Structure formats: structure tokens, C-alpha cells
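# Observations on the three-dimensional arrangement
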Amino acid sequence: MRKRLVPYLFLVPGLLFFLIFQIYPLAKGLQMSFYRWSIMPGKASLFIGLANYLRAFEDPVVGRAFLNTLIYTLVTVPGQMILAMLAALLLHSLPRGRAFFRTVYYLPVITSWVIVSLLIRYLFQSPNGLINYFLVEVFHVISQPIMWYEQARTAFIPILVLGIWKGIGWSMVIYLAALQGIPKELMEVAAIDGASGWQRFWRITLPLLSPTVVFTLVMLLIGGFNVFISVYLITGGGPRQQTEVLLSYTYRQAFDFLDFGYGAALSMLMAVFLITASYLQMRFLRKPVEVYG
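Read on for an overview of the structure. (Residues numbered from 1 in each chain as written. Predicted model: local features only at pLDDT ≥ 70, side-chain atom pairs only at ≥ 80, totals over all residues. Heavy atoms only, no water.)

### Structural notes on the overall build of the chain
Each helix and strand counted, the chain has 12 helices and two strands in total. When its helices and strands are written in sequence order, the chain yields α-β-β-α-α-α-α-α-α-α-α-α-α-α. Taking the principal axes of the C-alpha coordinates as reference, the chain spans close to 75 × 75 × 30 Å. A buried classification covers 35% of the 293 residues belonging to the chain. Taking as baseline every contact in the chain between residues at least 6 positions apart, the subset at least 24 positions apart corresponds to 67%. Accessible area for the chain stands at about 18100 Å²; split by element, carbon and sulfur atoms hold 69% of it. In the chain, 22 side chains carry a positive charge and 11 a negative one; their mean positions are 10 Å apart. (Helix = DSSP H or I, 4+ residues; strand = E, 2+ residues; numbered from the N terminus. Buried < 20%, exposed > 50% of the residue type's maximum accessible area, 1.4 Å probe, protein only. Contact = heavy atoms within 4.5 Å. Areas by Shrake-Rupley, 256 points an atom, 1.4 Å probe, with all protein chains shown as cover. Lys, Arg positive; Asp, Glu negative; His and termini not counted. Charge placed at Lys NZ, Arg CZ, Asp CG, Glu CD.)

Below, the structure written as C-alpha cells:
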């Protein structure tokens with residue numbers, strides 16, 4: 001009996017931490033979403049049922065924020081995965097110095113979002129930012145500086161650039177670990193049979209990496225829909241709320257306007273969407289690994 005109880009004693013602290021800081025906030029947020037929540041001491045919150053959810057479906061800014069979040073995800077996720085795969089393949093082929101370059105590529109991942117967001121904001125500053133200087137004065141691509149943050153179509157570009165650049169190293173490390181698990185004998189046999197580098201990648205490497213690709217796809221999708229700090233610090237949702245994303249709009253409703261019930265409802269809707277999308281990806285993209293001859 002003592003041997004059986006010892007593992008549970010080690011699990012209890014982590015379980016308590018999970019219940020207090022994960023499950024309880026989720027349950028509290030779900031409760032708040034059905035109320036016009038009051039933060040004033042002694043003032044009761046008013047139960048309004050599904051009114052916050054119905055309001056979300058009628059709010060035009062929510063639709064715009066969802067579209068911006070979707071665009072961010074559709075651009076940054078493939079961008080990170082493709083560039084990370086190329087970087088991983090290049091590093092995997094290096095005879096030496098792999099640890100050094102792996103560290104260099106991974107540095108953006110561990111760099112603070114606040115620091116890199118402020119850096120990107122400075123680089124794209126208009127009209128005298130460093131990006132405008134190179135485009136106008138060095139490469140002569142354009143004749144006049146671009147006012148990046150005055151129009152929605154250009155204000156979102158720095159956010160997309162940052163999202164791709166900062167996430168490459170994370171996916172690259174995962175791909176690199178998976179590449180090191182592929183038996184070298186398979187590649188050697190394929191090379192002896194006359195398979196080109198592209199054929200070896202398409203018929204051997206990629207099928208064996210498919211579980212890893214699905215995993216990174218799901219995780220990056222979740223990360224894409226959780227974009228917040230870069231939007232909040234680079235554009236603040238402007239101009240005229242044209243670059244709002246779901247989390248930035250949720251944060252604004254909850255902490256700027258103190259409408260915690262509506263903010264909780266928005267977060268619950270986003271959670272439902274992410275859980276559904278992640279399940280569908282895992283359900284339909286995961287398949288048995290087949291190496292084609």
C-alpha cells in the first residue's frame with residue numbers, strides 16, 4: 001500500500017497547481033460569460049444567460065478580429081513550418097557546427113515578445129524607420145516612405161513578419177530531432193537505387209516526419225490564435241480597430257471597458273473553436289506512416 005501511495009504523493013502538488021491555476025479559472029470564466037459581471041465589492045452580478053454570446057455574433061469588430069486572427073494564422077503557420085523545415089534540413093546536413101547554428105536559430109524563440117515587438121515597431125516606424133530607409137535609400141524599391149501604421153493593409157505586415165521570424169526556431173528544433181531519428185540506412189539504400197535528393201525527401205523523409213508535422217501544425221494553430229502581445233504593442237489594434245485580433249479585443253473589453261462577462265464569452269468562443277479545429281486536424285491529418293518505394 002505504501003508503494004502504491006508514494007507516486008500519488010508526488011502527483012498531488014502538480015495536480016493542485018493544475019486545479020487552482022488552470023481548471024478553476026476556466027470554470028470561473030465560463031460562469032462569468034453568463035453574467036453582466038460586476039467587480040464592485042458587494043454589488044451582485046446580473047445573470048443574462050446567452051446575451052453575451054449573442055452580442056459576440058452581432059458585433060462587427062468580433063468578425064473583423066476573427067478574420068485578422070485567421071489571416072495571421074494562415075500566413076504565419078505555413079511560413080514558420082516551411083522555413084523551419086528548410087532550416088532543419090540544412091542543419092541536419094551539416095557535418096559540424098550544428099549546435100552553434102541551432103542555438104542561433106532558437107534565440108528568437110526565447111527572446112521576450114515585448115522586446116522584439118518594440119524592436120519591430122521601431123524598424124517599421126514611419127517615415128524614418130530603418131525599413132523605409134533601406135527600401136528608399138539603399139535598394140530604391142520605392143520613391144516615398146511607406147506610412148506603415150496608418151493603413152490596415154500595411155499595419156498588419158510587421159505583425160506577420162514578427163510572427164514568422166520568431167517561431168521558426170521552435171519548429172526547426174522539433175523537425176531536427178525527428179530527422180535525427182530517421183535511419184540512415186533508408187537514405188543510403190535509396191541513394192544506391194538512384195533516388196534523387198528530392199525523391200528521398202518526398203518519399204522517405206516527409207512520410208516519416210508526418211506525425212511531427214501534424215503535431216507542429218496543431219501547436220502552431222493554437223499559438224496563431226493566441227497572438228496578442230505583438231498586436232497590442234505594435235499597432236494597439238489600430239488604425240480604427242482594423243488590426244484587432246480576438247485576444248486583443250477580448251483584453252480591451254475586459255480590462256479597458258471592465259466588461260468581464262463579454263470578455264469571458266469571447267474567450268470561451270475562441271476556446272471552443274480551437275478545440276474543435278485541433279480535434280479535426282488530429283482526426284483527419286494523422287494517418288499511418290508509409291514509406292513509398
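Having seen it, we continue.
### A closer look at the side chain of glutamine 253
Summarising the element assignment, glutamine 253 is placed in helix α11 (residues 246–256). Among all residues touching glutamine 253, those that are not within four sequence positions of it are Arg55, Leu258, Asp259, Tyr262 and Leu266.

### Structural notes on the pattern of salt bridges
Here the structure, examined in full by the defined rule, presents three salt bridges. Among the salt bridges present, the one from arginine 55 reaches aspartate 259, with a minimum N-O distance of 2.6 Å. Here aspartate 259 lies in the loop between α11 and α12 (260–285) and arginine 55 lies in helix α2 (residues 51–58), a separation of 204 residues in the sequence. Linking aspartate 256 and arginine 252 is a salt bridge whose minimum nitrogen-to-oxygen distance equals 3.5 Å. Of this pair, aspartate 256 and arginine 252 both sit in helix α11, four residues apart, which is roughly one turn of that helix. The class for aspartate 256 is partly exposed, based on a relative accessible area of 42%. (Salt bridge = Lys/Arg side-chain N within 4 Å of Asp/Glu carboxyl O.)

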